[in-house]
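Observations on the three-dimensional arrangement
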Amino acid sequence: MDDESVVAIQIGRPPRSAVTVRARCHLRLPVAIEVPPVLDDGTPFPTLYWLTCPLAVTRISRIESHGGVRAASELLASDPDMAETMAATHRRYAAERDSRLPADWDGPVPSGGVAGSIGGVKCLHAQYADTVAGNQNPIGEQVAVEIEPLDCLVGCVVDGGDGVAIPNPEWSEPV
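Residues numbered from 1 in each chain as written. Predicted model: local features only at pLDDT ≥ 70, side-chain atom pairs only at ≥ 80, totals over all residues. Heavy atoms only, no water.

Points about the sheet that holds strand 3 (residues 49-51)
Pairing is antiparallel in the open sheet, where three strands are placed in the order 1-2-3. Where the open sheet ends on each side, the last strands, each with one partner, are strand 1 (20-24) and strand 3. When strand polarity is set aside, the average angle formed by the axes of neighbouring strands in this sheet is 30 degrees. Direction of pairing for strand 2 (residues 30-34) relative to strand 3: antiparallel, over a ladder of three bridges. Residue pairing in the sheet places alanine 32 in a bridge with leucine 51 of strand 3. (Pairing = 2+ DSSP bridges. Helix = DSSP H or I, 4+ residues; strand = E, 2+ residues; numbered from the N terminus. Axes fitted to C-alpha atoms, helices over the stretch in contact; angles between N-to-C directions.)

Encoded structure:
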């Protein structure tokens, strides 16, 4: 199975550009991908690292539905050191993403830091994807503590024959 077809199954649609896997789970399936700053159709895309792992997405969605983004924003508002670390994270992320713009690109460009944020926290999924992609991200690191290990017993995607990726009907969230 190729990574692009596995990612398409994981996210429920074909990727809108070529993808590079930046992190894999213990079953060797993608967890996070790198997305170019300009998609194939010319759309600027601020999210450099995109979370694909269904288990991580599910667990982070639960945290977000219980006020996780608000709690992270409140933490930054109450802790100046954490706020400065996060500001540096946003600057690093934006510079890394912007360095990947095509040299001859003269169209619209993405802006903001992690997930396009102009400060604070917009999306815990993007924070965690940044962390598992190998970057220091204080909010992503806190999310990791809450959702890991990603310890699936079987893969979320399997080979359905002839290298064709299909959703694994045996996959479920480990308890």
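Structure shown, so let's carry the discussion forward.
Here's the deal with helix 2 (residues 54-65)
The end-to-end C-alpha distance of helix 2 is 16 Å, a good match for the 16 Å that 12 residues give at a rise of 1.5 Å each. Of all the residues in helix 2, the buried ones are Pro54, Leu55, Ala56, Arg59, Ile60 and Ile63. Buried-residue contacts for helix 2 involve helix 1 (3-11), strand 3, helix 3 (68-78), helix 5 (124-132) and helix 6 (138-147). Of the residues one or two after helix 2, glycine 67 is the one with positive phi, at around 90 degrees. (Expected span 1.5 Å × (residues − 1). Buried < 20%, exposed > 50% of the residue type's maximum accessible area, 1.4 Å probe, protein only. Contact = heavy atoms within 4.5 Å.)

A short note on the pattern of salt bridges
On inspection of all chains with the given rule, the structure shows 12 salt bridges. In this structure, the salt-bridge partner of aspartate 3 is arginine 24, at a minimum N-O distance of 2.7 Å. Within this pair, whereas aspartate 3 is found in helix 1, its partner arginine 24 is found in strand 1, the two being separated by 21 residues in sequence. Note on arginine 24: relative accessible area 33%, which makes it partly exposed. Across the salt bridge formed by glutamate 96 and arginine 92, the nearest N and O atoms sit 3.4 Å from each other. Taken together, the positions of glutamate 96 and arginine 92, both in helix 4 (residues 80-98) and four residues apart, correspond to about one turn of that helix. Glutamate 96 sits in the buried class, given a relative accessible area of 15%. The partly exposed category is assigned to arginine 92, whose relative accessible area is 24%. Taken together, the shared-partner salt bridges connect Arg22, Glu34, Arg92, Glu96, Arg100 and Asp130 into one network. (Salt bridge = Lys/Arg side-chain N within 4 Å of Asp/Glu carboxyl O.)

Some points on the side chain of asparagine 137
The topology assignment puts asparagine 137 in the loop between helix 5 and helix 6. A polar atom in the side chain of asparagine 137 sits 2.8 Å from the side chain of glutamine 127. Side chain to side chain, asparagine 137 and aspartate 130 meet in a polar contact 3.0 Å long. (Polar contact = N/O pair within 3.5 Å; in protein donor to acceptor, adjacent residues only side chain to side chain.)

Quick word on the environment of leucine 55
By the element assignment, leucine 55 lies in helix 2. Distance in space between the C-alpha atoms of leucine 55 and isoleucine 118 is 28 Å, their sequence separation being 63 residues. In this structure leucine 55 touches Leu150, Asp151, Cys152, Trp171, Glu173 and Pro174, once residues within four positions along its chain are discounted.

Some words on the packing of aromatic side chains
Using the criterion set out here, one finds two aromatic pairs in the structure. Where phenylalanine 45 meets tryptophan 50, the ring centres are 5.6 Å apart and the plane angle is 45 degrees; that geometry is what we call tilted. Assessed through its relative accessible area of 29%, tryptophan 50 is described here as partly exposed. Where tyrosine 49 meets tyrosine 93, the ring centres are 5.9 Å apart and the plane angle is 80 degrees; that geometry is what we call edge-to-face. Taken together, the positions of tyrosine 49 in strand 3 and tyrosine 93 in helix 4 put the pair 44 residues apart, joining distant regions of the chain. Just as tyrosine 49 is buried, tyrosine 93 falls in that class too. (Phe/Tyr/Trp six-rings, centres within 6.5 Å; stacked < 30°, edge-to-face > 60°.)

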